[in-house]
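Each chain, written out:
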Amino acid sequence: MRYKYLPIIVIAGGLALSSCKKDDDTDNSYTEAPAIYQKLYGASNVYVDGDEVVITSTAVPDHKSPYFLDTQWESSMYEAYNGTNSNFVLNPNRIATSSLTFRIPLYPAEASNKESTPMGAMGISLNGIPFFNQYAAGGTDLGAEIDSFDQYNGHPQQTGQYHYHMEPLYLTATQGNNVLLGFLLDGFPVYGTYENGEAITNNDLDSYHGHFSATADYPDGIYHYHITAQDPYINGDGFYGTPGTVSQ
């Protein structure tokens, strides 16, 4: 199973390697990541350590937000809420720099025993912002917390870590709604709300909120998650594969 997806990654990357590398390391066990990971443009660093892809991020968004108010970025990045939710309420938290390190499987495979997603970061998006699951703090329904999502569907938690529970609207607007949007901790990719020109609904997906099919990045097919407009939004009953780790 370990080598099941390596040929797919090589084909998708055209044998090119990522320019991101662990600059201060002299251990030959660290190598450049396959080209697919170049798409994580918001990551601070991406490299391969053995059978893991290591991704670091500050989790500061590259788009404007009302949550830049009263921060060092206010003059250039603050933007008052201008979304469509008439019930929007600014929560008391403000965006701050995080220090996230994701270690995800280079060769993702289905897990024999599925694990639940954690509270906090369960994956990383193209712009370096973590994906959170479909629950609010304490494992409760998102409910009213949705009213604190800014115009790009993100908000910061108590320590200032900005994150997405739902469709990352900035990414789907700038990158596309049918493209790779990131990876979950089990190494399987996350795609947008469309596939082959059709909107994806929960009925198209399994209980983990994914399915197996070919994509532009993986023409031979791969299991992948899809973001939908309905709960659970990004992930369902847990990880399809064996998750790696995230530290901060």
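Reading the values: rules and limits
- In this convention, every chain numbers its residues from 1, walking through the sequence in written order.
- Local features are withheld for residues below a pLDDT of 70 in this predicted model, meaning they are given only at 70 or higher, and side-chain atom pairs are given and counted only at 80 or more; totals for whole chains, interfaces and linings count all residues.
- Only hydrogens and water are removed before side-chain values are computed, so all heavy atoms of the structure are retained for them.
- Counting from the N terminus, the helices are the DSSP runs of H or I reaching at least four residues and the strands are the DSSP runs of E reaching at least two.
- Three exposure classes are used, based on accessible area relative to the maximum for each residue type with a 1.4 Å probe and protein chains only: buried under 20%, partly exposed in between, and exposed over 50%.
- Contacts are residue-level and defined by heavy atoms, with any inter-residue pair within 4.5 Å sufficient.
- When a carboxyl oxygen of Asp or Glu lies within 4 Å of a side-chain nitrogen of Lys or Arg, that pair is called a salt bridge.
- We define a polar contact as two N or O atoms separated by no more than 3.5 Å, with the added condition that, inside protein, one atom must be a possible hydrogen donor and the other a possible acceptor, whereas residues neighbouring each other in sequence contribute only through side-chain atom pairs.
- One bridge is not enough; two strands pair if DSSP finds at least two bridges between them.

Now for the overall build of the protein chain. From N to C terminus, the protein chain includes 3 helices and 15 strands. A buried classification covers 52% of the 248 residues belonging to the protein chain. Pairs at least 24 residues apart make up 62% of the contacts formed inside the protein chain by residues separated by at least 6 positions.

A separate point is the pattern of salt bridges. Counted according to the given criterion, the structure contains 4 salt bridges. The partner of D217 in a salt bridge is K39, with the nearest N and O atoms 2.5 Å apart. Here the residue D217 occupies a position in the loop between β13 (210-213) and β14 (222-226), and K39 occupies one in the loop between β1 (30-31) and β2 (45-49), the gap between them amounting to 178 residues. When its relative accessible area of 40% is taken as the criterion, K39 is described as partly exposed. Of the charged contacts, one joins R103 and D49 as a salt bridge, the two residues approaching to 2.3 Å between their closest N and O atoms. A residue pair is termed long-range when its members are at least 10 positions apart, and R103 in strand β4 (residues 100-105) and D49 in strand β2 qualify at 54 residues. Note on D49: relative accessible area 17%, which makes it buried. One salt-bridge network, in which partners are shared between bridges, spans D49, E52 and R103.

Along the chain, the position of N127 falls in the loop between β5 (123-125) and β6 (130-131). Along the chain, N127 and S57 lie 70 residues apart, while their C-alpha atoms are 9.0 Å from each other. When sequence neighbours within four positions are dropped, the list of residues in contact with N127 reads Y41, G42, D62, H63, Y164, Y170 and L171. Polar side-chain contacts of N127 include one of 3.1 Å to the side chain of Y164.

By the criterion of burial, β2 is predominantly enclosed, with 5 of the 5 residues buried. Alternating positions in β2 separate into two faces, N45, Y47 and D49 on one and V46 and V48 on the other, with burial throughout. As judged from the 5 bridges shared by β2 and strand β3 (residues 52-57), these two strands associate in the antiparallel manner. The partner of N45 across the bridge, within β3, is T56. The antiparallel hairpin formed by β2 and β3 contains 2 residues in its connecting segment, where G50 sits at a positive phi of about 65°.

With that settled, the discussion passes to the sheet that holds β3. With antiparallel pairing, 5 strands are arranged side by side in an open sheet as β1-β2-β3-β4-β15. The outermost strands of the open sheet, each flanked by one partner alone, are β1 and β15 (245-247).

With respect to the helices and strands, the residue Q134 is situated in the loop between β6 and β7 (154-156). Along the backbone, Q134 and M119 are 15 residues apart, and their C-alpha atoms lie at a distance of 9.3 Å. Apart from the residues lying within four places of it in its own chain, the contact partners of Q134 are L142, D231, P232, Y233, N235 and G236. Separated by 3.3 Å, the side chain of Q134 and the backbone oxygen of G236 make a polar contact.

So, on to the side chain of H163. By the element assignment, H163 lies in strand β8 (residues 162-164). Among the polar contacts made by the side chain of H163, one reaches the side chain of H165 at a distance of 3.2 Å. Beyond its immediate chain neighbours, meaning those up to four positions away, H163 contacts I129, P130, F132, N153, G154, H155, P156 and Q157.

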